Amino acid sequence: MAETALLSLPEAIRPLADAYQAALCRFVREPSEADRAWAHEMGERLIQAACGPEALLEMHANALRHCEVQDGHTLVSRANQFLAEASGAFITEYRHHAEQQSEGSNCYQCYARMLEVLNENVMRLNQELGERHDELQKAHDEQVVLNQQKTDLLNMISHEIRTPLTALLGYGEFLEEGTYGPLNPEQLEVLHKMMQSGKDLLLLLNNLLDMSRLEAGRLTLDRQPTPLRELIDHAVEQVEFLARRKELAIDVCCVPEDLPLVWVDPIRIIQVLVNLLGNAIRFTDAHGTITIGAEPQGDMVEVWVRDTGIGITPEAQQRLFQRFSQVESVKRYGGTGLGLSITKELLALHGGAIRVESEPGKGATFRFTLPVWNELDHPA
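Criteria and cut-off values
- Residues numbered from 1 in each chain as written.
- Predicted model: local features only at pLDDT ≥ 70, side-chain atom pairs only at ≥ 80, totals over all residues.
- Heavy atoms only, no water.
- Helix = DSSP H or I, 4+ residues; strand = E, 2+ residues; numbered from the N terminus.
- Contact = heavy atoms within 4.5 Å.
- Disulfide = S-S within 2.5 Å.
- Buried < 20%, exposed > 50% of the residue type's maximum accessible area, 1.4 Å probe, protein only.
- Axes fitted to C-alpha atoms, helices over the stretch in contact; angles between N-to-C directions.
- Left-handed = near helix turned anticlockwise from the far one by under 90°.
- Nonpolar A, V, L, I, M, F, W, Y, C, P; charged D, E, K, R; others polar.
- Pairing = 2+ DSSP bridges.

Trainee: How do you make sense of the environment of Arg78 when you look at a structure like this?
Mentor: Note on placement: Arg78 falls in helix 5 (residues 72-100). Taking C-alpha positions, Arg78 is 63 Å from Ala167, a pair spaced 89 residues apart along the chain. Apart from residues lying up to four places away in sequence, Arg78 is in contact with Phe27, Val28, Arg29, Glu30 and Pro31.

This is the structure:
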């Protein structure tokens, strides 16, 4: 510390600077009368070393940068109290010299007055900081209430919409299966579009609910040791219809049979896989290929989803996982801009991460990691 930050101080008093820093950091953590008295003594020792208050202020500024306290207001307030005690020695000393000596008395009085003004400013600053702290705390409390009201409203609206929407999709499936009689090709095509729009709306509602739970920290995981291949197969089944409509091939390869179990919430990881596969289908033109695989990497398993679609520019990759972010070149393909951000946060809850490798016109590869199940740490 002394070598890098106090180059302007005489070499003889640099040990005092180290001692001052230790006492100040101790005082801001837990004030004591002993340290308060020591601060006054420090001022006296500086005077004995023929140093002025500027040396004290330099020592104090450097020491303050090394003190760590959770509450910034508390740090400033207590540090100012400590400085006031140290500077009090200068006030007393200069007044004494002013009274005992006629020569130079004006200078000492000036010093004393300067330090008095400094202390007055410090006290006023403490008061202002306290008021500001109270205002910020009030604003924070109001924000917490607003966030809760937003979450409650979102949950209520989503529930009220999801219930009838789920019923409509159920009746649509009956029509697709011919339960109420056969439909001609034109009617089937219209029905398929209606069903897809309904599923898109249901996905949006589910994403909004997940985002709300993630923001509130209320999304919990039901983790269990799970074969990754089963999760991949379930996800592929859910998107096969969309892939067939676009004449796309989904190839599950490079998933070793001896791949270790992963420690995950199966429903949430299927959601992640469906999200990535759905994006790959959406952004890949007809007759393209989507490949999915996995391989062990130490105490993690890396999964990758690769497509032969339109690709992503380096600039767009930087904001790809932000909420409601959509690349200009892919907006025509639809989507809400929530899927990848939720995917990233779900993987983070599992202790995993996700990244993308892509070039425009050469497809994209999304890679994410999942923790391997360890029976010692997580008994089944």
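Trainee: How should the state of the cysteines be read in this particular structure?
Mentor: Linking two cysteines covalently through their sulfur atoms gives a disulfide. As enumerated under the stated definition, the model contains one disulfide in all. Bridging Cys25 to Cys67, the disulfide has an S-S length of 2.3 Å. Looking along the S-S bond of the Cys25-Cys67 disulfide, the torsion reads about -90°, which is the left-handed sense. Of this pair, Cys25 sits in helix 2 (residues 14-29) while Cys67 sits in the loop between helix 4 (53-64) and helix 5, and the two are 42 residues apart along the sequence. Across the pair, exposure class does not vary: Cys25 and Cys67 are buried alike. No disulfide involves Cys253; its nearest neighbouring cysteine sulfur is the one of Cys254, lying 3.7 Å away.

Trainee: Honestly, the packing of helix 8 (residues 228-245) against helix 9 (residues 266-282) in this entry has me stumped. Any pointers?
Mentor: Helix packing for two helices is described by the angle between their axes and how far apart those axes are. Axis separation between helix 8 and helix 9 bottoms out at 9 Å; the angle between their running directions is 35°. Crossing angle aside, the handedness with which helix 8 passes helix 9 is right-handed. Side by side, helix 8 and helix 9 meet where Leu231, Ile232, His234, Ala235, Val236, Gln238, Val239, Leu242 and Ala243 of the first sit next to Pro266, Ile269, Ile270, Leu273, Val274, Leu277 and Ile281 of the second. Its residues assigned to classes, the contact of helix 8 with helix 9 comprises 14 nonpolar, two polar and no charged.

Trainee: Honestly, the pairing of strand 4 (residues 289-297) in this entry has me stumped. Any pointers?
Mentor: Residues in a regular strand project their side chains so that they alternate between the two faces of the sheet. Across four bridges, strand 2 (residues 249-252) lies against strand 4 in parallel orientation. Note on strand 4: the bridge partner recorded for Val252 is Ile292. As defined by bridge partners, strand 4 adjoins strand 5 (residues 300-307) across eight bridges and the pair is classed as antiparallel. Its bridge partner being in strand 5, Glu295 is matched across the sheet by Glu302.

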